[in-house]
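Architecture and fold: a report
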Amino acid sequence: MDHEYDLVVRGGLLAGPMEVFEAEIGVKDGVIAAIGRGLRRGREEVDAKGLIVMPGGIDPHCHIEELAQDGSVHEESFASGTAAALAGGTTSIICFLPQWKGHSIAASAPGYEARASAALADYSFHQIITDPTPTVLREEIPALVARGIRSLKVFLTYDPLKLTDGEFLDVLTAARRNGALVTVHCENYDAIGWRMRALLAAGLTDPLQHAWARPPVVEREATHRAIALAELVDQPLQIFHVSCEEAAAEIARARARGVKVWGETCPQYLTLSTEDLSRPGFEGAKFVCSPALRAKDENERVWRQIQAGTLDIVSSDHCGYSYASAKRAPGGGYGQGEASQRPDGTPAFNAIPNGVPGIETRMAVLFSEGVSKGRIDLPTFVRLSSFNAAQLFGLGGRKGTLSPGADADLVLWNPDAEGVIANDALHHAIDYTPWEGLPVKGSPVVTIRRGEIAVREGEVLARPGSGRFLARGPYALAMPRGLPPDGFDAAAYA
Ligand code: DUC
Ligand code: ZN
Ligand code: ZN
């Protein structure tokens, strides 16, 4: 018998970025072919009764198998990281192509793109720029954009990564020339170094002091500066991992001036705090990430920035450092300053690799703490977990939406399932989750990637290598406003 659809999802409540409605979805050749009622039978039928059907998640900020210049590599591989992503309801990720200082882009992290071809989820890259030489700016960035890599990531802190303000202006200018978006890690490098040295001199070395070394003011200052420099160049900008109200307020103020700037946050800044960094012994290392976790009452303030629309993407900033190994290897990853040790031989706060794993738990934590607890509604959840990332990174119409012609990336979600997060049940390669023991209400049941059932009830069915590279073309959000200060367009002469 001939079937009009390869797959039909029936009986579910569809949740899109703006609306919630009951309908069926018919899939053909990996694409949503029809949304309606009374669709004819598909070759395969999925019963979504009692479930919410949403666009598959997009995690636009995850560090997977990253190769550092010192030879270290993140533990999470493309195979394990994307299996975990799918199991958590995420069907597309954007991770990072490294550039090592002193090297061209082409010569940095050789073979990295080939490694990514083991992915199970669809993937794209942000290109990290650490050394914006004339060749990088004039030749390598245009070549990247031509290959569909349309976003550049820069750091205003971290020893081997940070850019000066002048270098940042050069990257913004090159991005504008090529229609790419810039995303930025905002913390003041010198301010952190100054406080860090004082803390170490005072003999304060615990994981909690990671937060003391980089209080909200260092994030707020760098956020303000990054936006100001982007405004000068007339270049759109996204601020990565906003941890506090003070930094979000800089974004809100700039938006009120009409500046094209967007803000991302992560589940860790909505749920975890310095109370976790203060856990006994070395346990706090599990929570060392940057920007640092804030005081407990800051969580609710960050939620308010989501509710106000200032922060419009929730990514994981997934980072693969296991507690038993990488977190104890001084200076083995994102960190700053001379590696030093605590009296028990564990690394001092400044030598603990920065980052927490969260690619699989991102959507469940956001749903449970957001939708189930009444902080956000379903369409907002969809915007935060997929739709807005698709729009901002040039995947609009193809990903993050329930509409005919879009890729059939779906997650079927049980809003009533109650459980507790446990690392034993996760698919990532890391030996802990910072949310161990967190009760959650709502969880993914089936993940469909381009019309294929990729995960059912926790069992990953997709094959390694079945993920596809997502080339991204030109799009409106990454375009400048055409309003340089005083009408003089310095970037046109740079
Ligand atoms: N922050 C982290 O916590 N990890 C990776 C890099 C970053 O900026
Ligand atoms: Zn960062
Ligand atoms: Zn990051």
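This write-up is about the structure you can find in this document. All values reported here derive from a predicted model rather than from experimental measurement.

**Notes on the nonpolar core**
With 76 residues, the main nonpolar core has M54, F125, F168, V184, L237 and I239 as its most contacted residues. Among the elements that line this core, the one with the most residues is helix α7 (residues 216–233), at 6 residues. The residues touching M54, leaving out its near neighbours within four places in the chain, are A15, L378, F381, V382, L402, D409, L410, V411 and W413. Residues A211, L272, I352 and V440 belong to the second largest nonpolar core, which totals 23 residues.

**What to know about the pairing of strand β10 (residues 122–128)**
Burial analysis of β10 places 7 of its 7 residues in the buried class, the great majority of the element. Burial of the side chains of β10 extends over both faces: D122, S124, H126 and I128 are buried on one face and Y123, F125 and Q127 on the other. By the bridge criterion, 6 bridges tie strand β9 (residues 90–97) to β10 in an arrangement that is parallel. From the neighbouring strand, L97 faces β10, where its bridge partner is Q127. Where β10 lies against strand β11 (residues 151–155), 2 bridges are found, and the strand directions are parallel. Each bridged residue has a counterpart across the sheet, and for Q127 the counterpart in β11 is L152.

**Details of the site of ligand 1**
Residues in contact with ligand 1, as listed here, are H63, Y158, H185, H241, C289, S290, D317, C319, Y334, N354 and G355. With respect to ligand 1, the backbone of N354 contributes an N or O atom lying 3.0 Å from a nitrogen atom. In isolation ligand 1 exposes 240 Å². Once the protein is present, 99% of that is buried. Classifying every residue of the shell around ligand 1 gives 4 nonpolar, 6 polar and 1 charged.

**A short note on the sheet that holds strand β6 (residues 42–47)**
Strand order in the open sheet made by the 4 strands is β5-β4-β1-β6, with mixed pairing throughout. The open sheet has two edge strands with one neighbour each: β5 (31–36) and β6. Sheet twist, expressed as the average angle between the axes of neighbouring strands with direction ignored, equals 20°. The pairing of strand β4 (residues 24–28) with β5 spans 5 bridges and is classified as antiparallel.

**Brief notes about the state of the cysteines**
Throughout the structure, instances matching the rule amount to 0 disulfides. No disulfide involves C186; its sulfur sits 11 Å from that of C244, the nearest cysteine.

**Some thoughts on the pattern of salt bridges**
With the rule as written, the count across this model stands at 32 salt bridges. The partner of R147 in a salt bridge is E113, and the shortest N-O contact between them spans 2.6 Å. In this pair, R147 sits in the loop between α3 (134–146) and β11 while E113 sits in helix α2 (residues 112–116), placing the two residues 34 residues apart along the sequence. A relative accessible area of 37% means that E113 is categorised as partly exposed. Where D165 meets R225, a salt bridge forms, and the shortest distance between an N and an O atom there is 2.7 Å. Separated by 60 residues along the polypeptide, D165 in helix α4 (residues 165–178) and R225 in helix α7 bring together distant segments of the chain. Among the charged side chains, a salt-bridge network with shared partners connects D122, K399, D407, D409 and R450.

**Here's the deal with the coordination of the zinc ion (ligand 3)**
The zinc ion (ligand 3) binds to the protein through H61 (NE2), H63 (NE2) and D317 (OD), with metal-donor distances spanning 2.0 to 2.2 Å. A separation of 3.6 Å is found between the zinc ion (ligand 3) and the zinc ion (ligand 2). Of this pair, H61 sits in the loop between β8 (57–59) and α1 (78–87) while D317 sits in the loop between β15 (311–314) and α12 (362–372), placing them 256 residues apart in sequence. Assigned by exposure class, H61 and D317 land together as buried.

**Here's the deal with the sheet that holds strand β16 (residues 410–420)**
As a general point, the strands of a sheet are linked pairwise by backbone hydrogen bonds and lie either parallel or antiparallel. The 7 strands are arranged β3-β2-β7-β16-β17-β18-β19 in an open sheet whose pairing can be described as mixed. The open sheet is flanked by β3 (20–22) and β19 (459–460), the only strands paired with a single partner. Here 4 bridges tie strand β17 (residues 439–449) to strand β18 (residues 452–456), and the two strands are oriented antiparallel to one another. What sits directly across from R449, in β18, is E452.

**Some points on the packing of α3 against α4**
At a minimum axis separation of 10 Å, α3 and α4 run at an interaxial angle of 45°. As the angle between them shows, α3 and α4 are arranged oblique. When the axes of α3 and α4 are compared, the crossing they make is right-handed. Contacts between α3 and α4 involve L137, R138, I141, P142 and V145 on the former and, on the latter, D170, V171, A174, R177 and N178. Its residues assigned to classes, the contact of α3 with α4 comprises 6 nonpolar, 1 polar and 3 charged.

The rules behind the values
Residues numbered from 1 in each chain as written. Chains lettered and ligands numbered in written order. Predicted model: local features only at pLDDT ≥ 70, side-chain atom pairs only at ≥ 80, totals over all residues. Heavy atoms only, no water. Core = buried A, V, L, I, M, F, W, Y, C linked by side-chain atoms within 4.5 Å. Buried < 20%, exposed > 50% of the residue type's maximum accessible area, 1.4 Å probe, protein only. Helix = DSSP H or I, 4+ residues; strand = E, 2+ residues; numbered from the N terminus. Contact = heavy atoms within 4.5 Å. Pairing = 2+ DSSP bridges. Near = heavy atom within 4 Å. Polar contact = N/O pair within 3.5 Å; in protein donor to acceptor, adjacent residues only side chain to side chain. Areas by Shrake-Rupley, 256 points an atom, 1.4 Å probe, with all protein chains shown as cover. Nonpolar A, V, L, I, M, F, W, Y, C, P; charged D, E, K, R; others polar. Axes fitted to C-alpha atoms, helices over the stretch in contact; angles between N-to-C directions. Disulfide = S-S within 2.5 Å. Salt bridge = Lys/Arg side-chain N within 4 Å of Asp/Glu carboxyl O. Donors = N, O, S within 2.8 Å, 3.2 Å for Na, K, Ca; no water. Parallel < 35°, antiparallel > 145°, perpendicular 65-115°, else oblique. Left-handed = near helix turned anticlockwise from the far one by under 90°.

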